[in-house]
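What the coordinates show
Single-letter residue listing:
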Amino acid sequence: MRVLVSGGVGFIGSHTVVALIEAGHEPVIVDNLSNSDESVVGRIGEITGHVPEFHKADVRDVESMTELAGAGIDACIHFAALKAVGESVADPMKYYDNNVGGTIALLSALESAGVTRLVFSSSATVYGDPEKLPLTESMPIGVATNPYGWTKIMMEQVLRDLHVANEEWSIPILRYFNPVGAHPSGMIGEDPQGIPNNLMPYVAKVAAGELDHVRVFGADYPTPDGTGVRDYIHVVDLAVGHIRALDVHSDDPGVHVYNLGTGRGHSVLELIKAYEEASGRKIPYEIVERRPGDVAASFADVQKAYSDLGWSTEFGLADMCAHSWKWVSGAPR
Ligand code: NAD
Ligand code: UD1
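How each quantity is defined
Residues numbered from 1 in each chain as written. Chains lettered and ligands numbered in written order. Predicted model: local features only at pLDDT ≥ 70, side-chain atom pairs only at ≥ 80, totals over all residues. Heavy atoms only, no water. Near = heavy atom within 4 Å. Polar contact = N/O pair within 3.5 Å; in protein donor to acceptor, adjacent residues only side chain to side chain. Helix = DSSP H or I, 4+ residues; strand = E, 2+ residues; numbered from the N terminus. 1 Å grid on protein atoms, 1.4 Å probe; cavity = no way out; pocket = protein on both sides within 12 Å on 5 of 7 lines; lining within 4 Å. Points joined across faces, edges and corners; volume = space filled by probe spheres on them. Nonpolar A, V, L, I, M, F, W, Y, C, P; charged D, E, K, R; others polar. Areas by Shrake-Rupley, 256 points an atom, 1.4 Å probe, with all protein chains shown as cover. Pairing = 2+ DSSP bridges. Axes fitted to C-alpha atoms, helices over the stretch in contact; angles between N-to-C directions. Buried < 20%, exposed > 50% of the residue type's maximum accessible area, 1.4 Å probe, protein only. Right-handed = clockwise from strand over helix to strand, strands pointing away.

Some points on the site of ligand 1
Close contacts around ligand 1 come from 27 residues, with Ile12, Asp31, Asn35, Ser36 and Tyr148 the closest. One of the backbone N or O atoms of phenylalanine 11 is found 2.8 Å from an oxygen atom in ligand 1. A distance of 2.8 Å is found between an oxygen atom of ligand 1 and a backbone nitrogen or oxygen belonging to phenylalanine 79. Of all the elements in the fold, those that place two or more residues in the shell around ligand 1 are helix H1 (11-22), strand S5 (118-123) and helix H6 (147-165). If you tally residues by element for the shell around ligand 1, the top one is S5, at 3 residues.

Okay, structure coming up:
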């Protein structure tokens, strides 16, 4: 299939473009480069032997999107969004405009070009504070604690309403748990601007000597070692999940929701220890206050993705840390 990949230069998008090429699909990337660098396109070419088609454009530009979608596109994987939780609190309009507005513009362009297959990047954040673990897809959507989370909840609703109005749409909604790691080649990975908000990129910068120590947000949670527990998933496993969802549901109209995680939780201290082992570096840390809005633990029930998509994860926490370190300590940037 010829697949339009919005946000395909970004962290998860670039790994998915690699997986699409490896699966024999033809990705067409559209990205405005607001949080990524064009050099990634060339590096995808080095990994796969094929430099993907790339268009620098904004998904809110309906005219450009309609033109792109009309050029033989069979399906779209929609990653393009802003994702910094703190920034979304400070500037909510930017998030509603880019994420919700961008999705609506892209959907209308796709529909007018007759493209009715869309894989959507959602997040476990839509579950809010979990009442029960593991989280299953049938659990109710919760209350978001920030505008970024609300944009995901709103976009999921937009997609459900779109399918009610036009039953031709096939829409796998993929709820990611905590994507981390990098391509095993060390050629592409996550490259957050400034001081990272998320745990693994922060730990990586401490290992690399760019930051002094990790601040562990709370050690008094009702978890085995008192620190927050999350379901970290290797970005390559996550990427492959998109290909499975696309292939399995390509001629299967409906809204199909899947959790993509490993089904296993790891604590903050476990992750720090695993990263120390992968990097061979000491990672100093300090226990500080809980971060507002954090939940104690979150991990997925992944049975539905396993049985419907034949998908399960290949990489564990040690691989996630080793590949992240290869990327962070390596030369490509
Ligand atoms: P990223 O910032 O690395 O990638 C997003 C890409 O989209 C960037 O290359 C950016 O330049 C582009 N983009 C943003 N707005 C755009 C617009 N209006 N038009 C065109 N391009 C635009 O982020 P990522 O981690 O790869 O996340 C991809 C998707 O997955 C996002 O929708 C994000 O909300 C979702 N998600 C990410 C995580 C995570 O932890 N990384 C977790 C859950 C969900
Ligand atoms: C966060 C966002 C979530 C978003 C996801 C992916 C919040 C409240 N949630 O999820 O909306 O979808 O990122 O972008 O921001 N931790 C530390 N020290 C740090 C950083 C994190 O101890 O410097 C802890 C956190 O308290 C948590 C765990 O590490 O227990 C993972 O944090 P993080 O990587 O930020 O992911 P989430 O909080 O799960």
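As for empty space enclosed by the protein
As enumerated under the stated definition, the model contains 1 cavity of 30 Å³ or more in all. Size it by volume and the largest cavity reaches roughly 40 Å³. Lining the largest cavity are Arg117, Leu118, Val119, Ser170, Pro172, Ala245, Leu246, His249 and Ser250. Looking at the lining of the largest cavity residue by residue, the class counts come to 5 nonpolar, 3 polar and 1 charged.

Examining the site of ligand 2
Taken together, 18 residues form the shell around ligand 2, and within it Arg215, Phe217, Arg230, Arg291 and Asp294 come nearest. Phenylalanine 217 is positioned such that a nitrogen or oxygen atom in its backbone is 2.8 Å from an oxygen atom of ligand 2. Out of a free accessible area of 740 Å², ligand 2 has 88% covered by protein chains. Of all the elements, strand S8 (residues 214-217) adds the most residues to the shell around ligand 2, at 3 residues.

What to know about the sheet that holds strand S2 (residues 26-31)
In spatial order, the strands read S3-S2-S1-S4-S5-S6-S11; together these 7 strands make up an open sheet with parallel pairing. Of all the strands in the sheet, the pair left with one neighbour each is strand S3 (53-56) and strand S11 (254-260). The mean angle between the axes of side-by-side strands here comes to 20°, regardless of whether they run parallel or antiparallel. For strand S6 (residues 170-176) and S11, the ladder comprises 7 bridges, and the chain directions are parallel.

Things to note about the layout of surface pockets
A volume near 190 Å³ is recorded for the second largest pocket. Every element with two or more residues in the lining of the second largest pocket is listed here: helix H7 (199-207) and helix H11 (317-329). Its residues placed into classes, the lining of the second largest pocket shows 7 nonpolar, 2 polar and 5 charged.

Considerations on unusual backbone geometry
Residue proline 134 is bonded to the preceding leucine 133 through a cis peptide linkage, with omega at -5°. Relative to the assigned elements, proline 134 resides in the loop between S5 and H6. With a phi close to 60°, leucine 33 is a non-glycine residue in the positive phi region. With respect to the helices and strands, leucine 33 occurs in the loop between S2 and helix H2 (39-48). The class for leucine 33 is buried, based on a relative accessible area of 19%.

So, the pairing of strand S1 (residues 2-6)
With 5 of its 5 residues buried, S1 lies for the most part within the structure. A two-sided burial pattern is seen for S1, the buried positions comprising Arg2, Leu4 and Ser6 on one face and Val3 and Val5 on the other. Pairing analysis gives 5 bridges linking S1 to S2, with the strands arranged parallel. Bridge pairing in S2 links arginine 2 to glutamate 26. Assessed by its sense of winding, the connection that carries the chain from S1 through H1 to S2 is right-handed.

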